[in-house]
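# Reading the structure
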Amino acid sequence: MRFTHLAALLASLPLAVYAQDPVIAALQQNGLTQLASVVQSVSNTTEGRSFIGQISGGPRTLFAPNDAAFSAANLDTSNSTAVVSLLSYHLVSGYFPNPYYFTVAPQHTVLRTFLTDPAYVRLEDTFPQVLVTESGDGTNVHILRQQQNVTVQSTVIVSQNLVVHVINGVLLAPTNDAISQQPRLSALVQNFGQTQAYQNLASARGFTLFAPENAAISRLVTSGAATNLSSDQINTIIGNHVINGATVYSPQLPYENRISASGQRFSFSSNDTGTYVTSGSSSAKILLADIILPNGVIHLIDNVLVNTNNDPNAANSAYSVATSYAASNPTNTGAVGGGTVRSGAPTSTTVTTTVGTQTTTTVVATTAGARIRAVGAKARFL
């Protein structure tokens, strides 16, 4: 991964360029001309100034699409509010300068962005939308759950308060049809999409769904077990796949004590074969974690949790606790979950910069004390 330090470069910029915001100047100097132009275009608006202020408020990590990515995306940049929302989805709180700060696949590092625009995000309270990331082989960083996975191409260390990862795609927040875009969930929608418990998810602000894959639904239907269940029992079973009022991402699962929307306790376990969720006497393996939605998250599982027990009082109490927690943590930014930077992370990066005939070698700290946010998860997701 290529690292560049900007201190010497910024010092060499023409005065007209340097007079701009330093972040815009840094983007221009590193060939991110389209991104710099987009940021410049909104810099005189209220929301644009707020976004630039958020970048400067460090520590921050900015995922910056290269010019080819912007050209391929063919975005409409005429609406400044929409533009700032798009940009906000590329900015996270915390300092993540290299792949050691991202967990190795199949685990995920989930990062809360600055995107809170209700046109795109309807999570609990004012929680922002997230990015799902991983270090695929320990050396490259990938951003998942996009139309195609996006990869970090190079990294610019602007300062100990700002790192810029140049990426090969524009990041787009999930839309309402994210479930329909998952072919492994088509049987769930086809067979149970009209139930009240499933319909409730559309208006929920923050939920977690453990969604059985097609093969699991097919086994339930072909066994004839579903035909012996009443509509109330089916709604109860679906409710026992849902955490209501809380969007719980994979790094949090092993440490969470959660009650379902039908009032039953979830338990989680992990071993060398994967991570499992249990409700009552039914267990399932998590096959694909962190399918993000505008108002929640889905974890794909390999079995239906057939639990017909229902405790409305416990469910209501759990929902109240979840919403109270969300209201008391309105500025929930940075990385989700616990953990540490992977062993072997460099404490500094030595960068050689040549300006004209002058070569400057600079040592830049890549561990920033309190600037570093905890990342990672001990759970295993295949």
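Data block above holds the structure.
Residues numbered from 1 in each chain as written. Predicted model: local features only at pLDDT ≥ 70, side-chain atom pairs only at ≥ 80, totals over all residues. Heavy atoms only, no water.

## Examining the overall build of the protein
Each helix and strand counted, the protein has 12 helices and 17 strands in total. Residues classed as buried in the protein amount to 51% of the 382 residues present. Put simply, the protein shows about 16200 Å² of open surface, and 49% of that area lies on carbon and sulfur atoms. (Helix = DSSP H or I, 4+ residues; strand = E, 2+ residues; numbered from the N terminus. Buried < 20%, exposed > 50% of the residue type's maximum accessible area, 1.4 Å probe, protein only. Areas by Shrake-Rupley, 256 points an atom, 1.4 Å probe, with all protein chains shown as cover.)

## Some words on the packing of aromatic side chains
Counted by the stated rule, this structure contains four aromatic pairs. When the ring of F210 is compared with that of F266, the centres are 5.2 Å apart and the planes differ by 50°; the resulting orientation is tilted. Taken together, the residues F210 in strand β9 (residues 207–212) and F266 in strand β11 (residues 266–271) connect sequence positions 56 residues apart. Given a relative accessible area of 0%, F210 falls into the buried group. Both rings, one in F266 and one in F268, keep their centres 6.3 Å apart while their planes meet at 25°; by these two values the pair is stacked. Take F266 and F268: they sit in the same class, and that class is buried. Taken together, the ring pairs in this structure connect F210, F266 and F268 into an aromatic cluster. (Phe/Tyr/Trp six-rings, centres within 6.5 Å; stacked < 30°, edge-to-face > 60°.)

## Considering the packing of helix α3 (residues 22–29) against helix α4 (residues 33–41)
Running from N to C, α3 and α4 cross one another at 155°; their axes reach a closest spacing of 7 Å. Between α3 and α4, the crossing angle belongs to the class labelled roughly antiparallel. For the element pair α3 and α4, the recorded crossing hand is left-handed. Residues I24, L27 and Q28 of α3 form the contact with α4, whose participating residues are T33, L35, A36, V39 and Q40. Within the contact of α3 with α4, the residues separate by chemical class into five nonpolar, three polar and no charged. (Axes fitted to C-alpha atoms, helices over the stretch in contact; angles between N-to-C directions. Parallel < 35°, antiparallel > 145°, perpendicular 65-115°, else oblique. Left-handed = near helix turned anticlockwise from the far one by under 90°. Contact = heavy atoms within 4.5 Å. Nonpolar A, V, L, I, M, F, W, Y, C, P; charged D, E, K, R; others polar.)

## Here we look at the nonpolar core
Core analysis: the biggest nonpolar cluster contains 29 residues, and F63, L171 and Y249 have the highest contact counts within it. For this core, the secondary structure elements donating two or more residues are β4 (109–112), β5 (130–135), β6 (141–144) and β7 (150–159). Those residues in contact with L171 that lie beyond four places of it in its chain are F63, L86, Y89, H90, L131, I143, Q146 and V150. (Core = buried A, V, L, I, M, F, W, Y, C linked by side-chain atoms within 4.5 Å.)

## Section: helix α11 (residues 231–239)
When we look at burial in α11, the residues that qualify are I234, T236, I237, I238 and G239. In the core, the buried residues of α11 are packed alongside α8 (186–192), α9 (196–199) and β10 (242–244).

## Regarding the packing of helix α5 (residues 46–56) against helix α7 (residues 80–88)
Contact pair α5 / α7: the axes reach a minimum separation of 9 Å and the direction vectors enclose 15°. When the axis of α5 is compared with that of α7, the two are roughly parallel. Viewed along their axes, α5 and α7 form a crossing whose handedness is left-handed. Across from E47, G48, F51 and Q54 in α5, the residues of α7 making contact are S80, T81, V84, L87 and S88.

## Considering the pattern of salt bridges
Per the counting criterion, the structure on display carries one salt bridge. Among the salt bridges present, the one from E213 reaches R184, with a minimum N-O distance of 3.6 Å. Within this pair, whereas E213 is found in the loop between β9 and α10 (214–223), its partner R184 is found in the loop between β8 (162–167) and α8, the two being separated by 29 residues in sequence. Residue classification places E213 among the buried positions, given a relative accessible area of 16%. Since its relative accessible area comes to 35%, R184 is described here as partly exposed. (Salt bridge = Lys/Arg side-chain N within 4 Å of Asp/Glu carboxyl O.)

## Side note on the sheet that holds strand β12 (residues 274–279)
Spatial strand order, β10-β9-β14-β13-β12-β11: six strands in an open sheet with mixed pairing. The open sheet terminates on both sides in strands that have one partner only, identified here as β10 and β11. The mean angle between the axes of side-by-side strands here comes to 35°, regardless of whether they run parallel or antiparallel. Bridge count for β9 against β10 is three bridges, and the pairing is antiparallel. By the bridge assignment, L209 is partnered in β10 with V242. (Pairing = 2+ DSSP bridges.)

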